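Examination of the molecular architecture
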Amino acid sequence: MGLKSKLFKTGVVLLLIAVLPGLPPKTVFPFRPISIVPARPLAGVLAPNQLLNGAERLHEGGLQQPEGIAVRGNATYVTVYGGKILELGDQGSVRTVAKLGPDCVGTYSERICGRPLGLDFDTKGNNLIVADPYLGIWQVHIKTGDKKLLVPKDKAIIVEDREQSSSSSSEAARKLRTRQPNIPNGVAVARNGDFYWSDTASDFIFEDAIQALLCNPSGRLLHYSRAEGRSRVLIDEVYGANGVVLSPDESFVLVGELGGQLIRRYYLKGPKAGTHDVFVDGLPGAVDNLNGDATGFWVGLVIAADESNPSFVGMLAPFPNLRRLLVRLFVLAEAPFRLWYDATGSDFALWVTHHIGHLGGLVPLFPDRGTVLRMDWEGNIVLALHNDDTSSHVISQAVPVPGTDQLLLGSPVNQWLGRVKLTPDTLAVLKGGKVDRKQPATEAPSREEL
Ligand SMILES: *[C@@H]1O[C@H](CO)[C@@H](O)[C@H](O)[C@H]1NC(C)=O
């Protein structure tokens, strides 16, 4: 067979896989072109700098991919591979607060043993509220480790937002909108103990995030009522719903989009209550965790993207048929190993199914730039802190240590927790809440401000 005819046959097979109806997967929303606002140029406030270079590596080799971070007093809480929530003391101690799920055979068994992501302090009791993409959303007591499953993945009570349910629509449409959660990811606890949370995507599990991002957006922002034990959908079709943060007056809640490189706002109070809009878009990377304070919030950009490093999601977004083809190829490649694992429980088959479609496999292709943003509550980018030395890139979250000049950097790929010292200029900007580049900082920043 000549090369031409081989190529022709391969082309025909690929075309059939791409367009034949009825082949898996069956997705929640059909494949359609997606438009993504291109990343803003790395200029002005986004201009490259090296403010995150030379990150210290805390607990190097001893922390498995600390993705979520929450700091209170001298204790830092992180979520790591293997289903654990750890407490790190300022003197170097490490204590397991709780372990979700059964023991792990390896990092490749996260689907079974858990992999908590977002966390926030509870306002009702000494708990952390922790989102695990495989095991649901948990309330975990910080001292005793007692844990309670608040949002199970298969038996969650999901209701529609008032707006949606009042509009006349079919039972099938209602069922679709109140579908079970699939990838609980971010949480933000309100003062009354309710919390807002994100469900990243509905079509594939977290281990298959590549496939999930190739499908049309099916992520959601939800509100969990502590009194009712149920969640209502606030925004649907969020493209890789990720970090969640509440404004200080709780008048709106924000959700970051991994795929869309933007942040959406849902209004909780005021004339626009019940509606949502785009808070900021064109960000130079995939939005991960968000955490805020009185003057603004931090944004972890886990995968850098810019003019010279376009995101794979953005490049493929306009081509639904190509995305469908790629998803089908992933599904076909993984299917025999899934069957094998289901039939025998083979460790090797589990390992293969874990790695096919896992975002971690793409890390070597990610740009070296690590970036976190500081934004104010009006939607202005106040600061962009970058590094180019890979001392801590693929940053999922940035959290300042109160009373110090330090910023902690979480990451879903590193075996340590990053820590950088913020410069006096940076601290001055944070203190002022606004950038004023013409006025260099004259007085030393107050340490209480962070
Ligand atoms: C925080 O400080 C208190 C008082 O010194 C100490 O008892 C506690 O163990 C510390 N916590 C951690 C996590 O280091």
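Everything numeric here is computed off the predicted structure, so don't read it as measured data. (Residues numbered from 1 in each chain as written. Predicted model: local features only at pLDDT ≥ 70, side-chain atom pairs only at ≥ 80, totals over all residues.)

**Some words on the overall build of the protein**
What counts is decided by this rule: Labels follow the DSSP assignment, with helices taken as runs of H or I lasting at least four residues and strands as runs of E lasting at least two, numbered in each case from the N terminus. All radius of gyration figures rest on C-alpha atoms, and the globule criterion is 2.2 Å times the number of residues raised to 0.38. With C-beta atoms placed from the backbone, a residue is buried if 20 or more other C-beta atoms are within 10 Å of its own, exposed if 12 or fewer are, and partly exposed between those counts.
Scanning the protein from terminus to terminus reveals nine helices and 25 strands. At 22 Å, the protein has a C-alpha radius of gyration in line with the 22 Å of a compact globule built from 450 residues. Principal-axis analysis of the C-alpha atoms gives the protein an extent of 75 × 50 × 50 Å. Looking at the protein as a whole, 44% of its 450 residues qualify as buried.

**So, the sheet that holds strand 3 (residues 75-80)**
Stated precisely, the cut-off is as follows: At least two DSSP bridges between two strands are needed for those strands to be called paired. Axes, fitted as lines to C-alpha atoms, cover a helix only where it is in contact. Angles between the N-to-C directions of the axes lie from 0 to 180 degrees.
Pairing within the open sheet is antiparallel, and its four strands lie in the order 2-3-4-5. Two strands bound the open sheet, and with one partner strand each, they are strand 2 (68-72) and strand 5 (94-99). The average undirected angle you get between the axes of adjacent strands in this sheet is 20°. Sheet analysis places strand 4 (residues 84-89) next to strand 5, joined by five bridges and oriented antiparallel. Paired with Lys-84 across the strands is Lys-99, a residue of strand 5.

**Some points on the UniProt feature "domain: Strictosidine synthase conserved region" (unreviewed entry) in the protein**
Using the following cut-off: UniProt positions are given in the numbering used here, feature names are shortened, and annotations may be inferred rather than shown by experiment.
UniProt's feature table lists "domain: Strictosidine synthase conserved region" (unreviewed entry) at residues 185-271, given in the numbering used throughout. The span residues 185-271 carries 7% helix and 51% strand; its end-to-end C-alpha distance comes to 29 Å.

**Observations concerning the nonpolar core**
Applied cut-off: We call a set of buried Ala, Val, Leu, Ile, Met, Phe, Trp, Tyr and Cys residues a nonpolar core when their C-beta atoms link them within 7 Å. Contact between residues is assigned whenever the C-beta positions, reconstructed from backbone atoms, fall within 7 Å.
Within the largest apolar cluster, 110 residues are counted, with the highest numbers of intra-cluster contacts made by Val-187, Val-244 and Leu-301. Counting residues per element, this core draws most heavily on strand 20 (residues 296-304), which supplies seven residues. Ignoring any residue separated from it by four or fewer positions in sequence, one finds Val-187 in contact with Gly-118, Leu-119, Asp-120, Ile-129, Ala-131, Ile-137, Phe-195, Trp-197 and Val-244.

**Some details on the packing of helix 1 (residues 3-19) against helix 7 (residues 320-344)**
Keep this limit in mind: Angular relationships are summarised with four words: roughly parallel below 35 degrees, roughly antiparallel beyond 145, roughly perpendicular across 65 to 115, and oblique for the angles in between.
Here helix 1 crosses helix 7 at 100°, and the two axes come no closer than 8 Å. Judged by the inter-axis angle, helix 1 sits roughly perpendicular to helix 7. Contacts between helix 1 and helix 7 involve Leu-14, Ile-17, Ala-18 and Val-19 on the former and, on the latter, Asn-321, Arg-324, Leu-325, Arg-328 and Leu-329.

**Focus: the sheet that holds strand 10 (residues 158-159)**
Pairing in this open sheet of five strands is mixed, and the strands run 10-14-13-12-11 from one edge to the other. Looking at strand neighbours, the two that pair on one side only are strand 10 and strand 11 (184-189), the edges of this open sheet. In terms of strand pairing, strand 12 (residues 195-199) meets strand 13 (residues 219-225) through five bridges, oriented antiparallel. Considered in strand 13, the bridge of Asp-199 is made with Arg-220.

**Let's talk about helix 1**
Side chains that are three or four residues apart share a direction in an α-helix, a result of its 3.6 residues per turn. Put simply, the test is: To estimate how far a helix should extend, the number of its residues minus one is multiplied by 1.5 Å.
With 17 residues, helix 1 should reach 24 Å at 1.5 Å per residue; the first-to-last C-alpha distance of 24 Å fits that figure. Among the 17 residues of helix 1, zero are classified as buried, and the element is accordingly described as predominantly exposed.

**Observations regarding the pairing of strand 9 (residues 147-151)**
As judged from the four bridges shared by strand 8 (residues 136-141) and strand 9, these two strands associate in the antiparallel manner. Counterpart to Trp-138 in the pairing with strand 9 is Leu-149. Between strand 8 and the antiparallel strand that follows it, strand 9, lie five residues; Gly-145 among them carries a positive phi value of about 80°.

**Overview of the site of the ligand**
In plain terms, the rule: Using a C-beta atom placed from the backbone for every residue, we mark a residue as near a molecule or strand if that atom lies within 6 Å of it. Classes in brief: Ala, Val, Leu, Ile, Met, Phe, Trp, Tyr, Cys and Pro nonpolar; Asp, Glu, Lys and Arg charged; the others, Gly included, polar.
Around the ligand, the neighbouring residues are Asn-74, Ala-75, Glu-87, Gly-89, Asp-90, Gln-91 and Ser-93. The residue makeup of the shell around the ligand, split by class, is one nonpolar, four polar and two charged.

**Comments concerning the packing of helix 7 against helix 8 (residues 347-355)**
Each pair of packed helices can be described by the angle between their axes along with the distance between the axes. Which entries qualify depends on this criterion: Each crossing gets its handedness from the near helix: less than a right angle anticlockwise from the far helix is left-handed, clockwise is right-handed.
The interhelical angle for the contact between helix 7 and helix 8, taken along N-to-C directions, is 145°, at an axis separation of 8 Å. The handedness of the crossing between helix 7 and helix 8 is left-handed. Residues Glu-334, Phe-337, Arg-338, Trp-340 and Tyr-341 of helix 7 touch helix 8, and the partners they reach there are Ala-349, Leu-350, Val-352 and Thr-353.

**Some words on the pairing of strand 8**
Counting buried positions over the six residues of strand 8 gives five, a clear majority of the element. Where strand 7 (residues 127-132) lies against strand 8, six bridges are found, and the strand directions are antiparallel. Each residue of the ladder has a partner; that of Ile-129, found in strand 8, is Gln-139. Hairpin connection of strand 7 to strand 8: three residues between the antiparallel strands.

**As for the environment of Asn-192**
Take Asn-192: it is sitting in the loop between strand 11 and strand 12. A tally of 12 C-beta atoms within 10 Å means that Asn-192 is categorised as exposed. Once the C-alpha coordinates of Asn-192 and Ile-263 are considered, the two residues, 71 residues apart in sequence, prove to be 24 Å apart.

**Some remarks on the environment of Gly-11**
Among the structural elements, Gly-11 can be located in helix 1. The spatial distance from the C-alpha of Gly-11 to the C-alpha of Lys-143 is 60 Å, given a sequence separation of 132 residues.

**Remarks on the environment of Trp-138**
Mapping Trp-138 onto the fold places it in strand 8. Residue classification places Trp-138 among the buried positions, given that 25 C-beta atoms sit within 10 Å. The sequence separation of Trp-138 and Asn-127 amounts to eleven residues, and the corresponding C-alpha distance is 9.6 Å.

**Let's talk about unusual backbone geometry**
Phi angles above zero are rare outside glycine, and His-59 is one such case at about 55°. For His-59, the location among the structural elements is in the loop between strand 1 (56-58) and strand 2. Unusually for a residue other than glycine, Val-394 sits at a positive phi of about 50°. Within the secondary structure layout, Val-394 lies in the loop between strand 22 (381-387) and strand 23 (397-400). The buried category is assigned to Val-394, around which 27 C-beta atoms lie within 10 Å.

**Details of the confidence of the model for the protein**
Detail in the predicted coordinates should be disregarded across regions flagged by low pLDDT. The line we're drawing: Values of pLDDT, which run from 0 to 100, indicate the predictor's confidence residue by residue.
Per-residue pLDDT for the protein has a mean of 91; in total, 94% of the residues score no lower than 70. Here residues 435-450 scores under 50 on pLDDT; set against residues more than four positions off or in separate chains, the count is 23 contacts.

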